[in-house]
Amino acid sequence: MPEAHGPLPSTDGAARIEFELQLYYWMKLIRAFEERVSRLHRQNKILGGVYSGAGQEAIITGVCAPLQEGDFISPLHRDLGVFLIRGVEPGALMAQLMAKETGLSRGKDSGLHAGDLERGIFGSTSMLGSSLPVAVGAALKFRVKQQRNVAVAFFGEGTSSRGDVHEAMNFAGVHKLPVVFVCENNRYAYSTPIEKQMAIEDVADRAQAYGFRGHTCSGNDLLEVLDLSERVIEKVRSGGGPVLIECKTYRYHGHSEHDPALYRTKDEVLEWESRDPIQRFEFYLEKKGQDIRHVREQFDERVHAIIQGAVDFAEQSRWPEGPEALEDLYATPVGPPVASQLG
Ligand SMILES: Cc1ncc(C[n+]2csc(CCOP(=O)(O)OP(=O)(O)O)c2C)c(N)n1
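Residues numbered from 1 in each chain as written. Predicted model: local features only at pLDDT ≥ 70, side-chain atom pairs only at ≥ 80, totals over all residues. Heavy atoms only, no water.

Some thoughts on the overall build of the chain
Put simply, the rule reads: Strands are runs of DSSP state E lasting at least two residues, helices are runs of H or I lasting at least four, and both sets are numbered from the N terminus onward. Two things to know: the radius of gyration comes from C-alpha atoms, and the globule rule equals 2.2 Å times the number of residues to the power 0.38. Contacts are residue-level and defined by heavy atoms, with any inter-residue pair within 4.5 Å sufficient. For the area figures, the Shrake-Rupley method with a 1.4 Å probe applies, and any residue is considered shielded solely by the protein chains shown.
Along the backbone of the chain there are ten helices and seven strands. Taking 343 residues into account, the globule formula puts the C-alpha radius of gyration at 20 Å, and the chain, at 20 Å, falls close to it. Along the first, second and third principal axes, the C-alpha atoms of the chain reach 75 × 50 × 45 Å. Looking at the chain alone, contacts between residues at least 24 apart form 74% of all its contacts between residues at least 6 apart. For the chain, the exposed surface amounts to about 16,200 Å²; the carbon and sulfur share of it is 52%.

Side note on the packing of aromatic side chains
We count it as follows: Classification of ring pairs uses Phe, Tyr and Trp, with its six-membered ring standing for Trp, and accepts pairs whose centres are within 6.5 Å; under 30 degrees between planes counts as stacked, over 60 as edge-to-face, and the remaining range as tilted. Buried means the residue's accessible area, taken with a 1.4 Å probe over protein chains only, is under 20% of the maximum for its type, while exposed means over 50%, and partly exposed covers the values in between. In this analysis the charged atom, NZ for Lys or CZ for Arg, is taken to sit over a ring once it is within 6 Å of the ring centre and within 35 degrees of the ring normal.
Applying the stated criterion to the full structure yields ten aromatic pairs. An angle of 20 degrees between the planes, with centres 5.9 Å apart, marks the rings of Phe 181 and Phe 212 as stacked. Within this pair, whereas Phe 181 is found in strand 3 (residues 179-185), its partner Phe 212 is found in the loop between strand 5 (192-193) and strand 6 (213-218), the two being separated by 31 residues in sequence. Here Phe 181 and Phe 212 have matching classes, each one buried. Within the aromatic cluster, the residues linked to one another by ring pairs are Tyr 24, Tyr 25, Trp 26 and Phe 299. In this structure, Arg 275 packs its charged tip against the face of Trp 272, placed 4.5 Å from the ring centre.

Let's talk about the side chain of Ser 124
What counts here: In protein, a polar contact requires one atom able to donate a hydrogen and another able to accept it; more generally it is a pair of N or O atoms within 3.5 Å, and residues adjacent in sequence count only if both atoms are side-chain atoms.
With respect to the helices, strands and loops of the structure, Ser 124 is situated in the loop between helix 4 (90-97) and helix 5 (131-144). Polar side-chain contacts of Ser 124 include one of 3.2 Å to the backbone oxygen of Leu 112. When neighbours within four sequence positions are excluded, Ser 124 is seen to be in contact with Pro 75, Leu 112, His 113 and Ala 114.

Focus: the layout of surface pockets
Cut-off, in case you're wondering: Cavities and pockets were defined on a 1 Å grid built over protein atoms only: a cavity is a set of grid points that admits a 1.4 Å probe from which the probe cannot escape, a pocket is an open set flanked by protein on both sides within 12 Å along at least five of seven lines, and lining residues are those with an atom within 4 Å of any such point. Grid points are joined across faces, edges and corners, and a volume is the space filled by probe spheres set on the points. Three classes are used: nonpolar for Ala, Val, Leu, Ile, Met, Phe, Trp, Tyr, Cys and Pro, charged for Asp, Glu, Lys and Arg, and polar for all others, with Gly counted as polar.
Reported here for the second largest pocket is a volume of approximately 350 Å³. Forming the boundary of the second largest pocket are 27 residues, of which Leu 76, His 77, Leu 128, Thr 159 and His 255 lie nearest the centre. Elements that contribute at least two residues to the lining of the second largest pocket include exactly strand 2 (151-156) and strand 4 (188-189). Classifying every residue of the lining of the second largest pocket by side-chain character gives nine nonpolar, 14 polar and four charged.

Let's talk about a negative patch on the surface
Applied cut-off: Residues enter a patch when their relative accessible area is above 30% and they make no salt bridge; the linking distance is 9 Å between like charges and 5 Å between nonpolar side chains (Val, Leu, Ile, Met, Phe, Trp, Tyr). Any Lys or Arg side-chain nitrogen located within 4 Å of an Asp or Glu carboxyl oxygen qualifies as a salt bridge. Under this rule, positive means Lys or Arg and negative means Asp or Glu; His and the chain ends count for nothing. For the purpose of locating charges, the reference atoms are NZ of Lys, CZ of Arg, CG of Asp and CD of Glu.
Where like charges cluster on the molecular surface, the negative patch consists of Glu 286, Asp 291, Glu 297 and Glu 301. Looking at Glu 301, the relative accessible area reads 64%, which means it is exposed.

Re the sheet that holds strand 7 (residues 243-248)
What counts here: Paired strands, as defined in this entry, are two strands with at least two bridges between them according to DSSP. Note on geometry: axes are lines fitted to C-alpha atoms, helical ones only across the stretch in contact, with angles between N-to-C directions running from 0 to 180 degrees.
On the basis of which strands lie adjacent, the open sheet formed by five strands has the order 1-2-3-7-6 and parallel pairing. Both outer strands of the open sheet, strand 1 (72-74) and strand 6, are each paired with one neighbouring strand and no more. Direction aside, the axes of adjacent strands within the sheet are offset by 20 degrees on average. For strand 2 and strand 3, the ladder comprises six bridges, and the chain directions are parallel. Along strand 3, the bridge assignment pairs Gly 156 with Glu 184.

Some remarks on the site of the ligand
Put simply, the rule reads: In this text, near means that some heavy atom of the residue lies within 4 Å of the molecule or strand in question. In this scheme, a molecule is assigned to a cavity or pocket if more than half of its atoms are within 2 Å of the grid points.
Near the ligand lie 16 residues; those nearest to it are His 77, Arg 78, Ser 126, Thr 159 and Tyr 188. Contact between the ligand and Glu 157: an oxygen atom at 3.2 Å from a side-chain N or O atom of the residue. Between the ligand and Thr 159 there is a distance of 2.6 Å, counted from an oxygen atom to a side-chain nitrogen or oxygen. Relative to its free-state accessible area of 580 Å², the ligand is covered by the protein chains to the extent of 75%. Of the pockets mapped on this structure, the ligand occupies the second largest pocket. Of the residues that constitute the shell around the ligand, the class distribution is six nonpolar, seven polar and three charged.

Focus: empty space enclosed by the protein
Applying the stated criterion to the full structure yields one cavity of 30 Å³ or more. Of the pockets and cavities examined, the largest cavity occupies roughly 150 Å³. Every residue lining the largest cavity is counted, 17 residues in all, and those nearest its centre are His 77, Leu 80, Leu 97, Gly 111 and Leu 112. When residues of the lining of the largest cavity are traced back to their parent elements, those giving at least two are helix 1 (15-42) and helix 3 (80-85).

A word on the pattern of salt bridges
Under the criterion given, the structure shown has 23 salt bridges. Put simply, Arg 237 and Asp 71 hold a salt bridge, and the shortest N to O gap is 2.7 Å. Here Arg 237 is found in helix 7 (residues 222-237), whereas its partner Asp 71 is found in the loop between helix 2 (57-64) and strand 1, with 166 residues between them in sequence. With relative accessibility at 2%, the residue Asp 71 sits in the buried group. With a shortest N-O distance of 3.3 Å, Glu 327 and Arg 106 are connected by a salt bridge. Linking Glu 327 in the segment after helix 10 (292-316) with Arg 106 in the loop between helix 4 and helix 5, this pair joins segments that are 221 residues apart in sequence. Sharing partners across several salt bridges, the network here consists of Glu 101, Arg 106, Lys 108, Arg 318, Glu 324, Glu 327 and Asp 328.

See the structure below:
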């Protein structure tokens, strides 16, 4: 059984099966975490909106698996899985969603803006697209400091039509920065279908205008995402300049839990559910000789225990006291005191 939050094993030889089981585990954990959060939201236990990424697990898993320590990630609102796969304790993440003192921002914010800079996760802001220039800034830092790291910026196809995205990609292209742009194209930006917000078929085509490569892949096929991201990330890490990956996918839930998504037909949802990334990977594992029923049972049990532990931890955690709202807001000043501080 793979480690819950240890480093990802390499992909060669005998380690391959362990690695694939690890990937399966991550997808199961992310799906179960998301589904539990949706239930908790209905029980009024989550503070703020819930933007489920159920159905999109293969993208986060496939893109994050080849990342290394020191890499920088800016997730979008639907990417809770990034936190789990980068090793944030599920309890701390759950506490963040419940705005408890043990959460990442010690109860100051919802899950939407959560970040963990120690693990290289930038807390996104509400303005869609504004995190891409930040990721590009991180990539510029890697360049200046000659660090062999990459920045990864997740964004939706709706976000791709924002001005900040253009500026970020243009700057990254001009300076050939080590950044991977990952578009999670789930066909809807809130209720707006893709054909109503862009006049081309593939977001990936836009990369050419910034002077770098754009690739498309099925975001519901973990092996396809992984194969592409492994190659791309290695190239970007080795100084090849930015790359755009567009993953075609679908979100099972509405835009947020308060959106019944009546703008989609039942048939369309059904069609995409039949391409479920987890079931697809199970089929693959079975074909490779795994006793999938046994593996599934084992993982379900383990994932359930982890999530129940996270919920218990968050529920038992205390709410922050009022005055704590003023803590951790500003960085501790560094350098010599300014004249006014000298008395
Ligand atoms: C600049 C800006 N415009 C609009 C919104 C409201 N809004 C939040 S999420 C969202 C949909 C985003 O769609 P997409 O980028 O495709 O990502 P998805 O939610 O589909 O994963 C919208 C319109 C916002 N937060 N910021």
